[in-house]
Amino acid sequence: MHIFGTALLGFVTLFWIATAIDIARGVRTIPSLQDVAPRKDSECPPVSILFAGRDEAEKLPGALQTFLSLDYPRYEVIAVDDRSEDGTGAILGDAAKADTRLKVLRIASLPPGWLGKPHALQQAYEKSNGEWLVFTDADVYFAPDLLRRAIALAEKNRWEHLTLFGAPKTFTFGEKIIMTFFGLAFLLGTRPWSANNPRSRGYTGVGAFQLVRRSAYEKMGTHKRLAMEVIDDMKLGKLAKDAGVRSGVAKAGNAVSVHWHAGLGNIIRGTTKNFFAASGFKIWLAFCQIVGLLLMCVFPVAALPFVPGWGRLFASISFGLPLILAGGVALEFKTPFVYALTYPIGALIFSWMLARSAIVTLWQGGIVWRGTFYPLEELKRGVV
């Protein structure tokens, strides 16, 4: 039994050594937005900021204020009120009266064959005029010089699609644990730096900020290609790579920030629709992902007190390397390093989130997203 455990820990150790080297090399190649000089007025092309909101009255005012306070000479904001039943429409209406750069669309009903968010973003695009498009969410905060630097970075690298990684706002103990691990899992699962390599098929995308040249977005097929795609933000990056569009990622730090969900419970509930979708609604893949997480992130910690000799050395290395990587994530997120120590707990929570997402989706025969039910068979056909 000790021989098997030692061999298994040896395999895990090799995985973490290779992964740590890969991440260390890759992360160093991701540029930072703050290292780019902001564009001058004469160098700023017209930009359209597009977002959809449904029942966002609580978070919308603060985010909207930052959208309308950007230090950028030529831009518009297209906001879509997607069937809201709270004060979202009134907030947008009042803001539009005070600022002509804001255009508001109201969607009263959802046509067949569409998820709410992709449909709303498609409508926003059709009403926009910018040479560049920014896709974001109704709860994201922008720094005043964000657009000047983002445009400068994209044009400097000849990127037509740019994803910015921002800083998650975390307040509770549970939020800090899961978001620190989420950052580590994102690095492991997507290798985001590969998107910067035009010869790589790697891609990435986040909902907080994606900048796309209008002509490239049209070449990609617009959100019509993502009509029934749950993780539309990530798959927008895939469409870019599939279409041969030059794509890149960069770190924005606090220039892009968002408080995703309030409290660990809301994070778990809020990702129910996403996690199984990220596995392509494939049970075997979700199962393998859960087993992999537990094997790589929990097993070495659990085994450490019980294995002798080489097994203990392997377990120590397999605990220490992801700890260092999680520490890097915590540093980037401005979270105390002590939360890096909680990554095995984060892995357990993350595994439960994935399992829960699969169980609930299969039990319901689909997902419920902002009050609308979408059948599983339709979602499977819509996977990009």
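These remarks concern the structure in this document. (Residues numbered from 1 in each chain as written. Predicted model: local features only at pLDDT ≥ 70, side-chain atom pairs only at ≥ 80, totals over all residues. Heavy atoms only, no water.)

**Notes on helix α3 (residues 88-98)**
And then number 1: Listing the buried residues of α3 in full gives Thr-88, Leu-92 and Ala-95. End-on, the buried residues of α3 take up no more than an arc of 65°, which puts them together on one face. For α3, the exposed residues lying more than 90 degrees away from the buried face are Asp-94, Lys-97 and Ala-98.
And then number 2: The elements touched by buried residues of α3 are β1 (47-53), α2 (60-67), β2 (75-82) and β3 (102-107). (Buried < 20%, exposed > 50% of the residue type's maximum accessible area, 1.4 Å probe, protein only. Helix = DSSP H or I, 4+ residues; strand = E, 2+ residues; numbered from the N terminus. Arc of directions from axis to C-beta. Contact = heavy atoms within 4.5 Å.)

**Comments concerning the nonpolar core**
And then number 1: Among the nonpolar cores identified, the biggest contains 52 residues, and Phe-181, Val-230 and Leu-379 are the most heavily contacted of them.
And then number 2: Filtering out sequence-adjacent residues up to four positions away, Phe-181 remains in contact with Leu-293, Cys-297, Tyr-343, Gly-346, Ala-347 and Phe-350.
And then number 3: Ranked by size, the runner-up nonpolar core spans 43 residues in total, among them Val-36, Cys-44, Tyr-72 and Ala-208. (Core = buried A, V, L, I, M, F, W, Y, C linked by side-chain atoms within 4.5 Å.)

**Topic: the pattern of salt bridges**
And then number 1: Here the structure, examined in full by the defined rule, presents 19 salt bridges.
And then number 2: As a salt-bridge pair, Glu-155 and Arg-39 come within 2.6 Å of each other at their nearest N and O atoms. Separated by 116 residues along the polypeptide, Glu-155 in helix α5 (residues 146-156) and Arg-39 in the loop between α1 (2-28) and β1 bring together distant segments of the chain.
And then number 3: Between Asp-242 and Lys-238 there is a salt bridge, and its shortest N-O distance comes to 3.0 Å. Note that Asp-242 and Lys-238 are positioned in helix α8 (residues 232-242) at a spacing of four residues, about one turn of the helix.
And then number 4: According to the relative accessible area criterion, Lys-238 is partly exposed, its value standing at 22%.
And then number 5: Via salt bridges that share partners, Asp-41, Asp-71 and Arg-148 belong to a single interconnected network. (Salt bridge = Lys/Arg side-chain N within 4 Å of Asp/Glu carboxyl O.)

**What about unusual backbone geometry?**
And then number 1: Positioned with a positive phi, Thr-222 is a non-glycine residue whose angle comes to about 60°.
And then number 2: You can see Thr-222 is positioned in the loop between α7 (214-220) and α8.
And then number 3: One non-glycine residue, Phe-281, lies in the positive phi region at around 60°.

**Quick look at empty space enclosed by the protein**
And then number 1: Scanning the entire structure with this criterion turns up two cavities of 30 Å³ or more.
And then number 2: The computed volume of the largest cavity comes to approximately 70 Å³.
And then number 3: Along the walls of the largest cavity sit Lys-117, Leu-121, Phe-135, Thr-136, Asp-137, Val-206, Gly-207, Gln-210, His-223, Asp-232, Asp-233 and Leu-236, which together make up its complete lining.
And then number 4: For the lining of the largest cavity, the elements supplying multiple residues, two or more each, are α4 (116-126) and α8. (1 Å grid on protein atoms, 1.4 Å probe; cavity = no way out; pocket = protein on both sides within 12 Å on 5 of 7 lines; lining within 4 Å. Points joined across faces, edges and corners; volume = space filled by probe spheres on them.)

**Overview of the environment of Thr-6**
And then number 1: With respect to the helices and strands, Thr-6 occurs in helix α1.
And then number 2: As a C-alpha pair, Thr-6 and Arg-312 span 306 residues in sequence and 8.1 Å in three-dimensional space.
And then number 3: When residues no more than four places from it in sequence are discounted, the contact partners of Thr-6 are Trp-310, Gly-311 and Phe-314.

**Focus: a nonpolar patch on the surface**
And then number 1: A contiguous nonpolar patch, built from Leu-14, Ile-17 and Ile-21 and spanning about 280 Å² of accessible area, is present on the exposed surface.
And then number 2: Structurally, the position occupied by Ile-17 is in helix α1.
And then number 3: Overall, Ile-17 belongs to the partly exposed group, its relative accessible area being 37%. (Patch = residues over 30% accessible without salt bridge, like charges linked within 9 Å, V, L, I, M, F, W, Y side chains within 5 Å. Areas by Shrake-Rupley, 256 points an atom, 1.4 Å probe, with all protein chains shown as cover.)

**Details of the sheet that holds β1**
And then number 1: Reading across the sheet, the eight strands line up as β3-β2-β1-β4-β7-β6-β8-β5 and stay open at both edges, with mixed pairing between neighbours. Of all strands in the sheet, those bounded by a partner on one side alone are β3 and β5 (140-142). Across the sheet, the mean angle from the axis of one strand to that of its neighbour is 30°, orientation sign disregarded.
And then number 2: By the bridge criterion, three bridges tie β5 to strand β8 (residues 247-258) in an arrangement that is antiparallel. If you follow Val-140 over to β8, its bridge partner there is Val-258. (Pairing = 2+ DSSP bridges. Axes fitted to C-alpha atoms, helices over the stretch in contact; angles between N-to-C directions.)

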